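Here are the chains, one letter per residue:
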Amino acid sequence: MTTWFTAPDASVAEEGTAPMPPNRRTMAWLRLVAVIAVLASVAAAACTHTTDTAEPSSATIAPTSAPSSMPALRQPLPDHATQLRLARQRITKIVFLVKENRTFDTLFGLYPGADGATTGKLCDGTTVPLTQGHDDSPGAKHSFLTGIQVIDGGKMDCFDQTERAQGGVPYIQYHGDQIPNYWAYAQHFTLGDRFFSSAYGPTFVEHFWIVAASTNRYLSNEHLDQAGDDQIRGGYCDDPTERMDSFPLMTPAQTKTVYGLEQRADIRTIESDWIIQRWPCHDIKVVPDLLQSAGISWKYYLEQRPIWDVMGTIPHIRYGPMWNNIVGNESFVSDLQAGEMPDVSWLLPPITLSDHPDYGTLCNGENWTVNTINAIMQSPEWAHTAVFLTWDDYGGFYDHVPPPHEDIYGDGPRVPLLVISPYARQGYIFHETSDFSSVLRFIEEMHNLQSLGRRDATANDLLDAFDFQQKPIPPLILNPRDCSQAS
């Protein structure tokens, strides 16, 4: 595997690349220093504030506040086998909650302690500031090929060359007071700043990955001119006249050629020589198959839209009993409240509440997330649940960290990861390189399942984002915001 990161042993990062995260020993020392500093500031504050106040049961946390109860000095995590044993004892419910179209630098580039940026690079090498976004800021074009283009062999500099990128559209970011509840989750639970989209994009391709650790060779959402005889997209297995962009089956030598083209960002040759169209109906094994065979309950909650309906392209699911597990996203909370939350849930929001630019506002999307996570926290299931909240692709927005070049599908640009659980490491920034495959790896390890392929078998399993020996973090019930005041 070639990586677009600086080599792990490099003492100084080259210009245009991000420094590698510190090793565990260094991180432990930095965490110790940070905690001592916090305790010192708390002691100083105690000298001037004498009034005791109780922690409110619900609040919108100010973006600069520390967690309401700081963890004790962090102890080293146990070995992997012990971590996994404890995880299986503590966690029985997993929620993979996937929103839309935001990079890490867009949402958390200003977050204290994270690997964020306040400037971006243009394709001509010019450095520009990342300006403050608005609640309804638009996004630029993003696709499989533009993902390769903007990464530009690891230079992360051609976001301005895509369609709808005029006027600095890709080069924005949000301040903590604009998305206070997302930042509150980061402050109280775990934020991952080395978490990448698994493919270059776009949505359909990434959503295939979150169940299959593969795109099934697909490279795009279904285009209007691929909609088939009825001109209605999303028929998939029900409409043999539909088509979708795909890579062909390749020999190892051909794969190496395409890999090299991606390294050089030669998207014209990739498009002209290597992309075919095929009927989007082809069987592939997915993680729900593994769960089903093991007798582990699962559901895939979504709003029925072609860009999310990857299951409709898998014949044994579309025409088999597992199709009953593909349900509307409105039933997630009702299942939860009825005590019928499955062991593993994939949860996709309504499109207007997904944080997708041009479909709805960021404030309304954040409110949907808050209401959904509040429902989990207010249920008995909170005590043994792990929520992995992420965003599906880069959405045309800038990010400065070069992703690993795992294979001819990705990785794509970095996206945020929030790990929300009573056992998430409180107020912790998780610096380990990971991607959507990592959540699948976590599911597989928790239930002793086989892997689907190389990507999930070798992925970081995210166990070190948890401390299963800590006192469980209580629910953090947040208040939805008044979006009429959002800017």
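The following paragraphs examine the structure supplied in this document. (Residues numbered from 1 in each chain as written. Predicted model: local features only at pLDDT ≥ 70, side-chain atom pairs only at ≥ 80, totals over all residues. Heavy atoms only, no water.)

### Section: the overall build of the chain
- A count of helices and strands for the chain gives 14 helices and 18 strands.
- Taking all 487 residues of the chain together, the buried fraction comes to 58%.
- Considering only contacts in the chain between residues 6 or more positions apart, those separated by 24 or more positions represent 81%.
- Looking at the chain as shown, the accessible area adds up to about 19,600 Å², and 53% of this sits on carbon and sulfur atoms. (Helix = DSSP H or I, 4+ residues; strand = E, 2+ residues; numbered from the N terminus. Buried < 20%, exposed > 50% of the residue type's maximum accessible area, 1.4 Å probe, protein only. Contact = heavy atoms within 4.5 Å. Areas by Shrake-Rupley, 256 points an atom, 1.4 Å probe, with all protein chains shown as cover.)

### Things to note about the state of the cysteines
- With the rule as written, the count across this model stands at three disulfides.
- Residue pairing for Cys363: its cysteine sulfur links by disulfide to Cys483, the two sulfurs lying 2.1 Å apart. The chirality of the disulfide connecting Cys363 with Cys483 is left-handed, given an S-S dihedral of about -85°. Placement of Cys363 in helix α12 (residues 362-377) and of Cys483 in the segment after α14 (454-458) is noted, with a sequence separation of 120 residues between them.
- Here the bonded cysteines of the chain are numbered in sequence order, and their pairing is 1-2, 3-4, 5-6. (Disulfide = S-S within 2.5 Å.)

### Here we look at unusual backbone geometry
- Geometrically, the link from Gly201 to Pro202 is a cis peptide bond, its omega value of -5° lying close to zero.
- Assignment of secondary structure puts Pro202 in the loop between β8 (195-196) and α6 (203-212).
- The step from Gly410 to Asp411 runs through a cis peptide bond, and the omega angle for that step is 15°.
- Of note, Asp411 is situated in the loop between β15 (404-405) and β16 (417-420).
- The phi angle at Gln231 is positive, at roughly 60°, despite the residue not being glycine.
- With respect to the helices, strands and loops of the structure, Gln231 is situated in the loop between α6 and β9 (244-246).
- The class of Gln231 is exposed, set by a relative accessible area of 55%.
- Phi is positive for Leu462, close to 70°, though the residue is something other than glycine.

### Some remarks on the pattern of salt bridges
- Here the structure, examined in full by the defined rule, presents 18 salt bridges.
- Taking the shortest distance from any N to any O, the salt bridge between Asp407 and Arg455 comes out at 2.9 Å. Taken together, the residues Asp407 in the loop between β15 and β16 and Arg455 in helix α14 connect sequence positions 48 residues apart. Each of the two residues, Asp407 as well as Arg455, counts as buried.
- Within the structure, one salt-bridge network assembled from shared partners comprises Glu406, Asp407, Asp411, Asp435, Arg454 and Arg455. (Salt bridge = Lys/Arg side-chain N within 4 Å of Asp/Glu carboxyl O.)

### Concerning the packing of aromatic side chains
- Tallied over the entire structure, the rule returns 25 aromatic pairs.
- On the basis of an interplanar angle of 85° and a centroid distance of 6.4 Å, the ring pair of Trp298 and Trp346 is categorised as edge-to-face. Of this pair, Trp298 sits in strand β11 (residues 298-302) while Trp346 sits in strand β13 (residues 344-347), placing them 48 residues apart in sequence.
- Three or more aromatic residues joined by ring pairs make a cluster, and in this case those are Phe388, Tyr423, Phe442, Phe466 and Phe468.
- Across from the ring centre of Trp323, 4.6 Å away, lies the NZ or CZ of Arg318, which sits over that ring.
- We note Arg425 situated over the ring of Tyr428; from NZ or CZ to the ring centre the distance is 3.8 Å. (Phe/Tyr/Trp six-rings, centres within 6.5 Å; stacked < 30°, edge-to-face > 60°. Lys NZ or Arg CZ within 6 Å of the ring centre and 35° of its normal.)

### Focus on the pairing of strand β14 (residues 385-391)
- Most of β14 is tucked away, with seven of its seven residues classed as buried.
- Along β14, one buried face is formed by Thr385, Val387, Leu389 and Trp391 and the opposite face, lined by Ala386, Phe388 and Thr390, is buried too.
- Strand direction decides the pairing type here: strand β2 (residues 93-99) and β14, joined by seven bridges, are parallel. Residue pairing across strands places Val95 opposite Val387, the latter belonging to β14.
- Sheet analysis places β14 next to β16, joined by four bridges and oriented antiparallel. Residue Leu389 lies in a different strand from β16, and its bridge partner there is Leu418. (Pairing = 2+ DSSP bridges.)

### Concerning the pairing of β13
- Burial along β13 is two-sided: the residues Val344 and Trp346 and Ser345 and Leu347 are all buried.
- Strand direction decides the pairing type here: β2 and β13, joined by four bridges, are parallel. Considered in β13, the bridge of Phe96 is made with Trp346.
- Two elements, β11 and β13, share four bridges in a ladder whose sense is parallel. When the sheet's bridge partners are listed, Trp298 is paired in β13 with Val344.

### Some details on the nonpolar core
- In terms of nonpolar packing, the biggest core is built from 128 residues, with Phe108, Tyr185, Tyr300, Trp346, Phe388 and Ile420 touching the most fellow members.
- Residues in contact with Trp346, not counting those within four places in the same chain, are Phe96, Ile210, Val211, Val287, Pro288, Leu291, Trp298, Lys299, Tyr300, Tyr301, Leu440 and Ile443. (Core = buried A, V, L, I, M, F, W, Y, C linked by side-chain atoms within 4.5 Å.)

### Quick look at the layout of surface pockets
- Approximately 990 Å³ is the volume found for the largest pocket.
- Mapped by element, the contributors of at least two residues to the lining of the largest pocket are α4 (144-151) and α8 (267-274).
- The greatest single-element share of the lining of the largest pocket, amounting to four residues, is contributed by α4.
- When grouped by side-chain class, the residues that make up the lining of the largest pocket number 13 nonpolar, 14 polar and 10 charged. (1 Å grid on protein atoms, 1.4 Å probe; cavity = no way out; pocket = protein on both sides within 12 Å on 5 of 7 lines; lining within 4 Å. Points joined across faces, edges and corners; volume = space filled by probe spheres on them. Nonpolar A, V, L, I, M, F, W, Y, C, P; charged D, E, K, R; others polar.)

### Examining the packing of α6 against helix α13 (residues 436-446)
- Where α6 contacts α13, the two axes come as close as 8 Å, and the packing angle between them is 20°. When the interaxial angle is binned, α6 and α13 end up roughly parallel. Here α6 and α13 pass one another in a crossing that is right-handed. For the pair α6 and α13, the contacting residues are Glu206, Trp209, Ile210, Val211 and Ala212 in the first and Phe436, Ser437 and Leu440 in the second.
- Classifying every residue of the contact of α6 with α13 by side-chain character gives six nonpolar, one polar and one charged. (Axes fitted to C-alpha atoms, helices over the stretch in contact; angles between N-to-C directions. Parallel < 35°, antiparallel > 145°, perpendicular 65-115°, else oblique. Left-handed = near helix turned anticlockwise from the far one by under 90°.)

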